[in-house]
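Take a look at the letters that make up each chain.
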Amino acid sequence: CLTALLLNMDFHYLEAKLYDLRMSKGFQTQPYLNIALITLDDKTTKELNNSAPLPLHFHSQFLEAIEKFKPKAVGYLVDFNHVYQANPQLFHREWGNRFIQAAKRLETQRTIFLLGTPFDVTEEVTPPLPLNVLPHSIAIIHNDGNVFAEDKITRRALLSLYGRSAFHLELTRKLGFLGKEELPKGSFHVPTVDGNYFFFRYHGSTSPLKDKPRQYSYPRYSFVDILKNRIPINALKNRILLVGTLSSDNASDFAFTPYSKSSFANPKLVIHANILDSMIHKDGIIPVPSLINGLITFIVTSAVLLWIMTSTPLYGVFATLILAFAFIITSHALFQLRGLWIRESQPLVGIFVSYYLAVPYRLIREYKKRWDYQRKNELLTQVEELKTNFLSLVTHDLKTPVARIQGLAEVLLRSSAETITARDRESLKHIIQSTEELNHFITSILELSKLESNDLHLRFESKDINQLIERSIESFKAQARTRSIKLLVHLEPLFPIQLDPSLIFKVINNLIDNALKYSLSESEIHIHSKEENDWIVISVKDKGIGMTSDERQNLFTRFYRAKNDMTASIPGTGLGLYLTKYFIEAHQGRVEAESEKNRGSTFRIFLPIRTSLVMQQDLPKENRNV
Ligand code: ADP
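Overview of the structure. (Residues numbered from 1 in each chain as written. Predicted model: local features only at pLDDT ≥ 70, side-chain atom pairs only at ≥ 80, totals over all residues. Heavy atoms only, no water.)

Section: the site of the ligand
Okay, step 1: Around the ligand, 20 residues are found, and the nearest of them are Asn 514, Tyr 518, Arg 561, Thr 573 and Leu 577.
Okay, step 2: Within the side chain of Lys 517, one N or O atom sits 3.1 Å away from an oxygen atom of the ligand.
Okay, step 3: The separation between an oxygen atom of the ligand and a polar main-chain atom of Gly 574 is 3.2 Å.
Okay, step 4: For the ligand, the accessible surface in isolation is 530 Å², of which the surrounding protein chains cover 99%. (Near = heavy atom within 4 Å. Polar contact = N/O pair within 3.5 Å; in protein donor to acceptor, adjacent residues only side chain to side chain. Areas by Shrake-Rupley, 256 points an atom, 1.4 Å probe, with all protein chains shown as cover.)

What to know about the pairing of strand 1 (residues 35–41)
Okay, step 1: Counting buried positions along strand 1 gives seven out of seven residues, so the element sits mostly inside the fold.
Okay, step 2: Residue alternation in strand 1 divides its side chains into two sets, Ile 35, Leu 37, Thr 39 and Asp 41 and Ala 36, Ile 38 and Leu 40, and both sets are buried.
Okay, step 3: Direction of pairing for strand 1 relative to strand 11 (residues 220–222): parallel, over a ladder of three bridges. Bridge assignment links Ile 38 to a residue of strand 11, and that residue is Tyr 221. (Buried < 20%, exposed > 50% of the residue type's maximum accessible area, 1.4 Å probe, protein only. Helix = DSSP H or I, 4+ residues; strand = E, 2+ residues; numbered from the N terminus. Pairing = 2+ DSSP bridges.)

Overview of the sheet that holds strand 7 (residues 156–161)
Okay, step 1: Taken in spatial order, the four strands make up an open sheet running 8-7-10-9, and their pairing is antiparallel. Two strands close off the open sheet at either side, each with one partner strand: strand 8 (164–165) and strand 9 (188–190).
Okay, step 2: Two strands pair when backbone bridges link them, and strand 7 and strand 8 are joined in this way by two bridges, in the antiparallel orientation. Paired with Ser 160 across the strands is Ser 165, a residue of strand 8.

A word on the pairing of strand 23 (residues 600–608)
Okay, step 1: Counted residue by residue, strand 23 has eight buried out of nine residues, so it is predominantly covered.
Okay, step 2: Across seven bridges, the pairing between strand 22 (residues 590–596) and strand 23 is antiparallel. Within the sheet, the bridge partner assigned to Ser 595 lies in strand 23 and is Ser 601.

Some remarks on helix 7 (residues 94–108)
Okay, step 1: The end-to-end C-alpha distance of helix 7 is 21 Å, a good match for the 21 Å that 15 residues give at a rise of 1.5 Å each.
Okay, step 2: For helix 7, the complete set of buried residues consists of Trp 95, Gly 96, Phe 99, Ile 100, Ala 102, Ala 103 and Leu 106. Taken around the axis of helix 7, the buried residues stretch over an arc of 160°, which confines them to a single face.
Okay, step 3: For helix 7, the elements touching its buried residues are helix 4 (56–66), strand 2 (73–77), helix 5 (80–86), helix 6 (89–92) and strand 3 (112–117).
Okay, step 4: Just beyond helix 7, the residue with positive phi is Arg 110, at close to 65°. (Expected span 1.5 Å × (residues − 1). Arc of directions from axis to C-beta. Contact = heavy atoms within 4.5 Å.)

Remarks on the side chain of Thr 580
Okay, step 1: Assignment of secondary structure puts Thr 580 in helix 20 (residues 576–586).
Okay, step 2: Only 2.8 Å separates the side chain of Thr 580 from the backbone oxygen of Gly 576, close enough to count as a polar contact.

Structural notes on the sheet that holds strand 22
Okay, step 1: The mixed open sheet is built from five strands, whose spatial order is 18-20-21-23-22. Of all strands in the sheet, those bounded by a partner on one side alone are strand 18 (486–491) and strand 22. Across this sheet, the average inter-strand angle for adjacent strands is 10°, counted without regard to direction.
Okay, step 2: Judged from the seven bridges that link them, strand 21 (residues 535–542) and strand 23 form a sheet pairing that is antiparallel. Paired with Ile 538 across the strands is Ile 605, a residue of strand 23.
Okay, step 3: Contacts between helix 16 (residues 465–482) and the sheet are confined to strand 18, strand 20 (524–532), strand 21 and strand 23, with strand 18 contributing the most and set at about 170° to the helix. (Axes fitted to C-alpha atoms, helices over the stretch in contact; angles between N-to-C directions.)

Take a look at the structure:
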């Protein structure tokens, strides 16, 4: 739909500007130096002591003078009706005939002679008597004044009108560069005027304002210099001469047709030379069929819409910009190298319109998606909350009966130690151990639910960590002894720091508990503490089962347990390290783990010495929660 809409809008002005850009920038075709301009310029009118239009007798003398230069062709682009109006008497006396004779003589020495004539609304303005016997055809410059661009710039040239070929085509055919019926490439028919046009090419820099005009444009000679024989005899030999006005004295004669208002200002004679050049070299511009233009517009707009809708915004912007540049460069190259004129305006407008259409759509879609996510998130949070509440309720209610079972079992074991069998005693011990595990599990779950409901409060105290470590080791000694595991402790003297003793105690307990759980009998565990820069470092190193790098990856995720034969038989919740990390980070510290399969693991805790003090001072007591 967008393509159809764009194709219905012509964007003539924009297209004309883009066309001009291609015409003026890039590798310009060099002018054909065999075309020379003979200019009726200021110098001529001044030196001949006359005003424009120059009377006929000068033209006759000029034509007689030109014979000896033996040019290939003479295209005479002077409006003789204008000359006639100024001095009619000269035409009927000898000068009219002398002009005709000179032209005829040129033809006999095989120099082509052609008069260019103006056009008046519907028909050619034929030359005045007796000059009408000479070969003549319409030589008009077509300014883009109505449909394309309306900026009075000349881009296309008339080839033929009402079945008769115009000046440039006629001259090119007479010169033998085109066949009798042949039209230059890129020509197109305009039925309303029964005429053919073609887009010609400007050659080199055609500006007459340049310092060295010859280098950039066609060679020029002043009319008066030829008349007075001041030109070397070989200068014009075999050249195609275009004779015309190039004078600033007479505004009507000096018709400047700016090619591009800012940089080019071409007198009509230069434009005539360019048209002729394009026909001789068949380097006119070929407009690409509208079907192909439509297809290009469709492809680029679809591509932009697709990218913006489906890819990330950054990729979309880049892809769109790259597409626009690639398109401009390709069409520029085709224009320069092959003379193909692909319309740039519609695809470029298409790229930007589709971009600006697609972006809001995309935004709305993103917004909707985000809104959906948000709702889902809210639901998930609610479910999570429900789950946590449920867990904490259940575990809380479990805690008391489990403690009672454990207590009763212990009492039973103590009071009936003598009376029951060894087997029953073992069973009682198992009951006690299992209730302990269950208790541990319940405590962890309660701890987790506290975290998740943001109900964890840190109670900072100034404490020596070594005391906590020693207390913890004390509680594990018996267990270590039964499995013949040595606990090797090396604690450097430390200053007390600000911490929550109950949480840090849980952390140390958990690390030593893990080291024991995942060690084989008769191995050893090293427990160290020291001060290192601004940190207090506690390390627990075992020579147990260790972990592979895969197993280590999710170590600190809740409910994670490495899955292997060993861990399967060792009871655990998968919560210990998650809580450890959480508690340590709440103290603005960090945990590091190193491990090697079957070699053992080392866990290190880093607690900051100073930050904990800052925390204590900065936070009011009631806000010291995480
Ligand atoms: P739990 O020990 O209750 O399973 P943790 O969160 O404390 O839960 O540990 C998570 C997992 O990390 C354990 O299941 C175990 O696989 C691995 N792990 C922890 N500490 C050690 C250790 N010292 N040696 C080997 N594996 C360990």
